[in-house]
Amino acid sequence: MSHLLALVGNQNCGKTTLFNALTGSNQHVGNFPGVTVEKKEGNIKKYKDAILVDLPGIYSLSPYTSEEVVTRDFLVQQHPDAIINIVDATNLERNLYLTLQLMELNIPMILALNMMDEVRSSGNNIYVDHLSKKLGIPVIPISAAKGEGISDLLNVVIKTVGNKNVSQKLDFCQGEVHRAIHAIAHIIEDHAEKAGYPTRFAATKLVEGDEPMFQSLDLDIGDIHIIDHIVEQMEENLGTDREAALADMRYTYIEALCSQCVVKHQETREQLRSEKIDRLLTHKYLGIPIFLLIMMTIFWLTFSVIGAPLQDLLSTWIDRFTAILSDVMTTAQVTPWLTSLIINGVCAGVGSVLSFLPIIVLLFFFLSLLEDSGYMARVAFVMDKLLRKIGLSGRSFVPMLIGFGCSVPAIMATRTLSSDRDRKMTIVLTPFMSCSAKLPIYGMITAAFFPNHGALVMTSLYVLGIVVAILSGLLLKRTVFQGNSVPFVMELPAYRLPDSKSVLMHMWEKGKDFLHKAFTIIFVASILIWFLQSFDWRLKMVTDSADSILASIGSLIAPAFSPLGFNDWRASTALITGFTAKESVVSTLTILTGAASDAQLSAMLPQIFSPLSAFSFLAFTILYMPCVAAFAASKRELGSMKQALLTAGYQTLVAYLVGLLIYQIGSLVL
């Protein structure tokens, strides 16, 4: 018989790290909130009958954000056999707020005190046995990152599931809140049992004014009026609103509990160190310039100092392999069209993209260091003031930040935003961030036209995407998305040394995704492009690609891009194939120019672009609608095809206008 276990905790408390330790999985771990945006499943090691579900990090069971809805629905609808509630032991008071709510679900629960190594190293202590006795549930000290206490936790989990031990029914409420909860519990007991909710949990949610709970219990109008009267009486007697009353009640109990169980002489060393570093990195005026300087340094190292030699080395190996394969096929007298397909189509198309693998992996190495250290959460904090001026909060920076890697998970990460307005606006703006799929395009153009200014060009492109997102936000704030952003609340995790395993895993994931795309989407696209540029409409093989099917299609579109400085059919065709995957732009131009190597491609591109039109082309590439996968994600999150199409149309229009301004103004100045 299999058992279902739920892993629940606040954001950034080490939940995914513990999930990996218990299941042997390799989910990405990040030291900033919002890494888990949907539930993940895995079988517990040495106990294959138990399925562990890693749920999105939440702070309460109130369904305000999408991740809270996912977690709450899973717990109350799937009825897991046990809950593993992981808490940050260095911030126990804040974390126990969720613990008290989880205990109301009347599900067997184990409390995992994570980061206990940091607590002990700072001279602080938590009386684990006393805390367990007071809460009535098993409490296990662990350090998920170091693997400490994992076996003890696993043994207790198995024992708890086997015995079906339910946490003690703590009645930690008092005074007016106590009377309100128990009065409502008597009214709704039958309804809660019928709906499958624990009575106390349902009563507490009704006191909070939880609308989904009112609907689930199917109360008659008389009961609703009585409940409203009870809550109004409670608010009047306490002089506060219903949600504040419950929060005060819980935190009063937590403070009393911690005063008995926690010995805290000082902040942990990690927290003290973080406060000192934050005086500089989150400085009111220096925060953003420091961030830009750090990113410029990363781009310089990635595209010039380290990345360029590695790319050249891999490109050389690919060229040698292609040459050897070509000689073998020529010696074997393989039919010319098949030789052309493999050498000029597959090898040229896939190889041109594959050569950028070192740059992709290297960039994500540096970004993983920033993320795992906790710095990226600070960037969101620093960016809050700027984003608020365009109608968003600093929390929107997290999806945008993820967008520098890939737009698909970035768009999915908007689920962490509590405001529907903020969520939709962030979905529109996030694709303006330069995702990793565009890096091969930047590298191709930079090598051909700006070889001595790679870091500067790269920084300008990233800044351009951010600036366009800001200006678009100002426009949308005054038109489509009128209103104010929700308040920004984000926990700033302590700075920690990045875990080498986590960094390497992140690099491997991104490299694997890149290789998978190169040998699937790019492979198929390269064959299709080769066919269309090798044959005419009568399916006769052409000697000049200008007479091909692709040329005739591209020539129809090319005049539209003439004001942007590039009216060559090969450029417009490359942009079309970019809808499948942005890397296809590089493979398309490689095939259409007949280049056999990166060096040949750099030599051929000046036939299509001037330096100014090349930069205009780059600007358009950054901003126009994302790939098909990102478009599908937008449709899913926005909820309709119409909104997704309008979003894609707006992004492409913005891209055209920016490219137009760059080329036309540049032509006047230069």
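None of these values were measured; they are calculated from a predicted model.

Details of the sheet that holds strand 7 (residues 139–141)
In step 1: With respect to topology, six strands assemble into an open sheet ordered 2-3-1-4-5-7, the strand pairing being mixed. Each having just a single partner strand, strand 2 (40–44) and strand 7 make up the two edges of the open sheet. Across this sheet, the average inter-strand angle for adjacent strands is 25°, counted without regard to direction.
In step 2: Pairing of strand 1 (residues 3–9) with strand 4 (residues 82–88) involves five bridges; the strand directions are parallel. Opposite glycine 9, over in strand 4, you have isoleucine 86 as the bridge partner.
In step 3: Across the face of the sheet, helix 1 (residues 15–23) comes into contact with strand 1, strand 2, strand 3 (47–54) and strand 4 while running at roughly 35° to strand 2.

Structural notes on the packing of aromatic side chains
In step 1: Counted under the stated rule, the structure contains 17 aromatic pairs.
In step 2: For the ring pair phenylalanine 365 and phenylalanine 366, a centre distance of 5.3 Å and an interplane angle of 65° mean the geometry is edge-to-face.
In step 3: Judged by its relative accessible area of 27%, phenylalanine 365 falls in the partly exposed class.
In step 4: By way of ring pairs, the aromatic residues Phe561, Phe566, Phe579, Phe609, Phe617, Phe620, Tyr624 and Tyr656 are connected into one cluster.
In step 5: Across from the ring centre of tyrosine 97, 5.4 Å away, lies the NZ or CZ of arginine 250, which sits over that ring.
In step 6: In this arrangement the basic side chain of lysine 582 is found over the ring face of tyrosine 624, its NZ or CZ atom lying 3.5 Å from the centre.

Thoughts on empty space enclosed by the protein
In step 1: This model, assessed by the stated rule, comprises five cavities of 30 Å³ or more.
In step 2: Considering only enclosed or pocket space, the largest cavity measures out at about 70 Å³ in volume.
In step 3: Elements that contribute at least two residues to the lining of the largest cavity include exactly helix 17 (375–389), helix 18 (397–403) and helix 22 (454–478).
In step 4: Residue contributions to the lining of the largest cavity peak at three residues, all from helix 22.
In step 5: In the lining of the largest cavity, the residues fall into ten nonpolar, no polar and no charged.
In step 6: Empty space within the second largest cavity amounts to approximately 40 Å³.
In step 7: Every residue lining the second largest cavity is listed: Leu281, Gly287, Ile288, Phe291, Tyr375, Arg378, Val379, Val382 and Met383.
In step 8: Those elements giving two or more residues to the lining of the second largest cavity turn out to be helix 13 (287–305) and helix 17.
In step 9: Here the element with the most residues in the lining of the second largest cavity is helix 17; it accounts for five residues.
In step 10: For the lining of the second largest cavity, the per-class residue count stands at seven nonpolar, one polar and one charged.

What counts and what doesn't
Residues numbered from 1 in each chain as written. Predicted model: local features only at pLDDT ≥ 70, side-chain atom pairs only at ≥ 80, totals over all residues. Heavy atoms only, no water. Pairing = 2+ DSSP bridges. Helix = DSSP H or I, 4+ residues; strand = E, 2+ residues; numbered from the N terminus. Axes fitted to C-alpha atoms, helices over the stretch in contact; angles between N-to-C directions. Contact = heavy atoms within 4.5 Å. Phe/Tyr/Trp six-rings, centres within 6.5 Å; stacked < 30°, edge-to-face > 60°. Buried < 20%, exposed > 50% of the residue type's maximum accessible area, 1.4 Å probe, protein only. Lys NZ or Arg CZ within 6 Å of the ring centre and 35° of its normal. 1 Å grid on protein atoms, 1.4 Å probe; cavity = no way out; pocket = protein on both sides within 12 Å on 5 of 7 lines; lining within 4 Å. Points joined across faces, edges and corners; volume = space filled by probe spheres on them. Nonpolar A, V, L, I, M, F, W, Y, C, P; charged D, E, K, R; others polar.

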